[in-house]
Amino acid sequence: MRPLALSLLLALLATLTASAADKPNILVIYLDDMGWGQPGCYGGKLAPTPHIDSIARNGVRFTDGYVAACICSPSRVGLLTGRYQARTGHDANSNEGKNPENKNLLPSETTIAQRLKPLGYVTGIFGKWHVGATSAEYLPANRGFDEAFGTTGNLGDKMGFYKGKDFIPDPAGAPITSPIYAREAASFMERHRAEPWFLYVPFNAVHSPVVASPEIKARFPDLPRAKQDYAALISEADDAVGAILAKLRELKLEENTLVFLVSDNGGASPLAEMNGLRGRKWLLWEGGIRVTWLAQWKGRIPAGRVLETPVIQLDILPTALAAAGGTPQSEWKLDGTNLLPLLEGKADKLDRDTLYWRFGVQYAVRQGDWKLVKAGLNQPVQLFNLKEDRNEKDDLAAKQPEKVKSLQALWDAWNAGNLPPRWEDPRWNDGNNKNDPEAAKKKAAKKKAAK
C-alpha cells in the first residue's frame with residue numbers, strides 16, 4: 001500500500017475509533033410492578049435496596065417520574081418507541097383475550113434499538129419483552145436487537161422464553177430470573193466493551209410469581225412468610241442491579257454510560273410500598289403511573305439531585321438519541337423530549353408542561369400541578385392539585401369547573417390523534433377494585449350512611 005493511501009486509511013480508522021469512543025453506552029433497567037415508595041431512596045422500608053439507591057446518589061431522582069400506562073405491555077410500547085402507546089391503540093396487555101395476532105407491537109413502529117443501530121450501536125435485550133410474540137417475526141431480534149434473551153411475557157403465562165429469533169425451553173434457574181438477566185447483561189458489556197452499546201434489561205421482578213433464592217429469603221428471618229417472600233424478591237432484583245453496575249465499574253465504563261432505572265407501572269402487590277399514593281397498577285391514579293425514576297451518567301449528570309419536574313418514560317428514547325449524537329426527525333412523531341439539558345443542570349425546566357394517559361375507558365391529563373382523571377367506567381371525572389394533594393384525596397372538580405373544562409379540552413384534542421384501542425380488557429372498567437383503597441373506603445362509608 002502506498003504511503004499516502006496508508007496514511008489516509010489510518011486517519012480514517014482513527015476518526016472512526018474516536019467517534020465510537022465519543023458515543024456513550026446506554027443502559028435502561030426496567031423494573032416490573034415496583035411501587036413508587038419501594039426503594040430506600042423513595043422511603044421504602046420492607047427491603048434494603050442499596051444498589052438502586054446508588055443510582056439516585058450518583059445521579060438524579062425524580063419525584064414526579066411517570067410512565068404512560070398503568071400496566072406492563074402498553075408501558076413497554078411507550079418506552080421502546082418514544083410515543084404514547086395510544087397512538088397505535090395498544091391500550092391493553094399483548095396476551096389478553098382472543099386473537100393475539102392483533103396484539104403485537106405494530107411493524108410500522110420503530111424501536112429505540114432500531115434508532116440507535118444506524119448510529120453505530122450494538123444492541124441487546126435481556127429480560128421481559130411483553131409487546132407481542134405470536135410468531136418469531138415479532139421477537140426482539142427482528143425489532144433491532146442484535147442479542148436477545150428473556151421471557152415473551154410474564155412468568156407463568158405459558159408465553160415462554162426466547163433467545164435470538166427462536167422460542168426456547170425454560171432455562172435452568174427459572175422462574176428466578178433476576179440473576180440470569182444480570183449475568184447475561186454483564187457478559188454483553190464485557191464482549192462489547194470496545195464499542196458503543198445499548199442495553200435494555202427489563203426484569204420480571206417484582207411482578208408475580210413471588211419467588212426468590214433460599215439464601216436471599218434467609219436475609220429476612222423475622223418477617224412473616226408473605227412479607228419474607230416479597231422482600232426477598234425485591235432484594236434479589238436489587239442484587240442483580242448491583243451486579244450490572246459492578247460490571248460497569250470493573251470495565252471502567254461508568255463515566256461513559258448513561259443509565260436509566262424506571263418501573264414499568266405502579267405497585268401491584270398488597271405489599272408494594274406506595275408512600276401514600278392513591279391506587280396501584282391497573283388504575284390511572286398516581287399510584288398506577290407515578291414510579292421509581294432514576295438517571296445516572298457519572299461526570300455528566302451532577303450527583304445527588306432530586307428533581308420535581310414531571311418526566312415520563314417516553315423521554316428515554318429522545319434523550320438516548322441526543323446522547324448518541326442523533327437528531328430526531330419530525331416524521332418520527334416522537335412524544336418524548338430530550339432530558340439532557342435538565343439532567344446536566346443546564347436547564348431548570350422542560351418546554352413541555354402537559355402529559356396524557358389513556359387506558360381504555362380510563363383517562364388522565366396533567367398540566368403543571370393540575371391533574372384531571374377518570375379512573376373507571378363508573379368513576380366521575382375528578383380534579384386534583386398535585387402540588388398540594390399528591391395523594392388525590394380532595395376532588396376540586398366542583399370548585400374549579402373552568403379548570404376541568406380546559407383540561408378536558410386538552411385531553412380530547414390529544415386523543416383525536418390516537419387510534420381507538422385495538423382490543424379490550426374488562427379491567428379497564430374496574431375503578432372501584434382492590435387497587436383503589438380510597439374509593440373502597442368512600443364506598444363503604446356511603447353504604448354505612450344509607451343504613
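Student: Hey, could you run me through the packing of helix H5 (residues 178-191) against helix H7 (residues 225-250) in this one?
Tutor: Packing of H5 against H7 leaves a shortest axis separation of 8 Å and a crossing angle of 10°. Regarding the angle of H5 to H7, the classification is roughly parallel. Packed against H5, whose contacting residues are Ser178, Pro179, Ala182, Ala185, Ala186, Met189 and Glu190, the element H7 presents Glu236, Ala237, Ala240, Ala243, Ile244, Lys247, Leu248 and Glu250 at the interface. Here the contact of H5 with H7 is composed, by residue class, of 10 nonpolar, 1 polar and 4 charged.

Student: I keep staring at the nonpolar core and nothing clicks. Help me out?
Tutor: It is characteristic of soluble globular proteins that their nonpolar side chains tend to be buried jointly. Leu27, Trp197, Phe198, Leu199, Tyr200, Phe203 and Trp293 are the most contacted members of the largest nonpolar core, which has 96 residues in total. Looking at which element gives the most residues to this core, the answer is H7, with 11 residues. When neighbours within four sequence positions are excluded, Phe198 is seen to be in contact with Ile26, Val28, Ile112, Ala113, Leu116, Tyr121, Val122, Thr123, Gly124, Phe145 and Phe188. Judged by nonpolar contacts, the second largest core, of 36 residues, contains Ala68, Cys70, Val404 and Trp411.

Student: What is the right way to look at empty space enclosed by the protein in this model?
Tutor: In this approach the atoms are scanned with a rolling probe the size of a water molecule, which exposes any empty space left behind. One pass over the full model with this rule turns up 1 cavity of 30 Å³ or more. There is about 80 Å³ of room inside the largest cavity. Lining the largest cavity are Leu155, Pro175, Ile176, Thr177, Ser178, Asn204, Ala205, His207, Pro209, Val211, Leu233 and Glu236. A breakdown of the residues in the lining of the largest cavity according to their chemical character gives 7 nonpolar, 4 polar and 1 charged.

Student: Would you mind going over the sheet that holds strand S13 (residues 354-359) with me for this structure?
Tutor: Whether parallel or antiparallel, the strands of a sheet pair through hydrogen bonds between backbone atoms. Pairing within the open sheet is antiparallel, and its 4 strands lie in the order S13-S14-S15-S16. Either end of the sheet is taken by a strand with one partner, and the two such strands are S13 and strand S16 (382-385). Strand-to-strand, the axes of this sheet are offset by a mean angle of 10°, without reference to chain direction. Two elements, strand S14 (residues 362-367) and strand S15 (residues 370-374), share 5 bridges in a ladder whose sense is antiparallel. Paired with Ala364 across the bridge in S15 is Val373.

Student: Help me understand unusual backbone geometry in this model?
Tutor: Note on backbone geometry: most residues besides glycine have negative phi, and most peptide bonds are trans. Omega for the peptide link from Ala174 to Pro175 comes to 10°, which places this bond in the cis form. Mapped onto the elements of the fold, Pro175 is located in the loop between strand S7 (166-168) and H5. Here Ala205 and Val206 are connected by a cis peptide whose omega angle stands at 10°. Checked against the element boundaries, Val206 lands in the loop between strand S8 (197-202) and helix H6 (214-217). In the Ramachandran plot, Lys252 falls in the positive-phi region, its phi being about 60° despite a non-glycine side chain. Of note in the backbone geometry, Lys333 takes a positive phi value of approximately 55° without being a glycine. Along the chain, Lys333 turns up in the loop between helix H9 (316-323) and helix H10 (340-343). Owing to a relative accessible area of 58%, Lys333 belongs among the exposed residues under this scheme.

Student: Honestly, the side chain of Arg280 in this entry has me stumped. Any pointers?
Tutor: Positionally, Arg280 belongs in the loop between strand S9 (257-263) and helix H8 (286-289). A distance of 3.1 Å separates a polar atom in the side chain of Arg280 from the backbone oxygen of Ala272.

Student: Which parts of the structure should I look at to understand the pairing of S16?
Tutor: The side chains of a regular strand alternate, residue by residue, between the two faces of the sheet. Residues Gln382 and Phe384 line one face of S16 and the alternating positions Leu383 and Asn385 line the opposite face, and both faces are buried. As paired strands, S15 and S16 are joined by 4 bridges and run antiparallel to one another. Opposite Val373, over in S16, you have Gln382 as the bridge partner.

Student: Even after reading the chapter, I still don't get helix H3 (residues 72-81), so can you show me in this structure?
Tutor: When you tally the buried positions in H3, you get 10 out of 10 residues, the bulk of the element. The complete set of buried residues in H3 reads Cys72, Ser73, Pro74, Ser75, Arg76, Val77, Gly78, Leu79, Leu80 and Thr81. Positioned one or two residues after H3, Gly82 has a phi angle of 70°, which is positive.

Student: Could you clarify how one ought to interpret the layout of surface pockets in this entry?
Tutor: Of the voids in this model, the largest pocket is the one considered here, and its volume is about 510 Å³. Lining the largest pocket are 24 residues; nearest its centre among them are Asp64, Glu308, Pro310, Arg366 and Asp369. Across the lining of the largest pocket, the residue classes break down as 6 nonpolar, 5 polar and 13 charged.

Student: Got a minute to help me understand the sheet that holds strand S4 (residues 122-126) in this structure?
Tutor: Strand order in the open sheet formed by 10 strands is S7-S6-S5-S4-S8-S1-S9-S10-S2-S11, with mixed pairing between adjacent strands. Only two strands of the sheet have a single partner each, and these edge strands are S7 and strand S11 (305-307). Strand-to-strand twist of the sheet, defined as the mean angle between neighbouring strand axes without regard to direction, takes the value 15°. The pairing of strand S5 (residues 147-151) with strand S6 (residues 161-163) spans 3 bridges and is classified as antiparallel.

Student: How do you make sense of the side chain of Asp53 when you look at a structure like this?
Tutor: For Asp53, the position within the fold is in helix H2 (residues 50-58). Discounting residues that sit within four places of it in the chain, Asp53 has contacts with Pro39, Gly40 and Cys41.

Student: Sorry, what's going on with the pattern of salt bridges here?
Tutor: In a structure, side chains of opposite charge can pair up when their charged atoms sit close to one another. Applying the stated rule across the entire model yields 26 salt bridges. The salt bridge partner of Asp33 is Lys281, with a shortest N-O separation of 3.2 Å. One end of the pair, Asp33, is in the loop between strand S1 (25-31) and H2; the other, Lys281, is in the loop between S9 and H8, and 248 residues separate them in sequence. The exposure class assigned to Lys281 is buried, which follows from its relative accessible area of 5%. One salt bridge connects Arg76 with Asp264, and the closest N-O pair in it is separated by 2.9 Å. Placement of Arg76 in helix H3 and of Asp264 in the loop between S9 and H8 is noted, with a sequence separation of 188 residues between them. In this structure, Arg76 and Asp264 share a single accessibility class: buried. By sharing partners, the salt bridges in this structure join Asp64, Glu286, Arg290, Arg366, Asp369, Lys371 and Glu392 into a single network.

Rules used throughout
Residues numbered from 1 in each chain as written. Predicted model: local features only at pLDDT ≥ 70, side-chain atom pairs only at ≥ 80, totals over all residues. Heavy atoms only, no water. Axes fitted to C-alpha atoms, helices over the stretch in contact; angles between N-to-C directions. Helix = DSSP H or I, 4+ residues; strand = E, 2+ residues; numbered from the N terminus. Parallel < 35°, antiparallel > 145°, perpendicular 65-115°, else oblique. Contact = heavy atoms within 4.5 Å. Nonpolar A, V, L, I, M, F, W, Y, C, P; charged D, E, K, R; others polar. Core = buried A, V, L, I, M, F, W, Y, C linked by side-chain atoms within 4.5 Å. Buried < 20%, exposed > 50% of the residue type's maximum accessible area, 1.4 Å probe, protein only. 1 Å grid on protein atoms, 1.4 Å probe; cavity = no way out; pocket = protein on both sides within 12 Å on 5 of 7 lines; lining within 4 Å. Points joined across faces, edges and corners; volume = space filled by probe spheres on them. Pairing = 2+ DSSP bridges. Polar contact = N/O pair within 3.5 Å; in protein donor to acceptor, adjacent residues only side chain to side chain. Salt bridge = Lys/Arg side-chain N within 4 Å of Asp/Glu carboxyl O.

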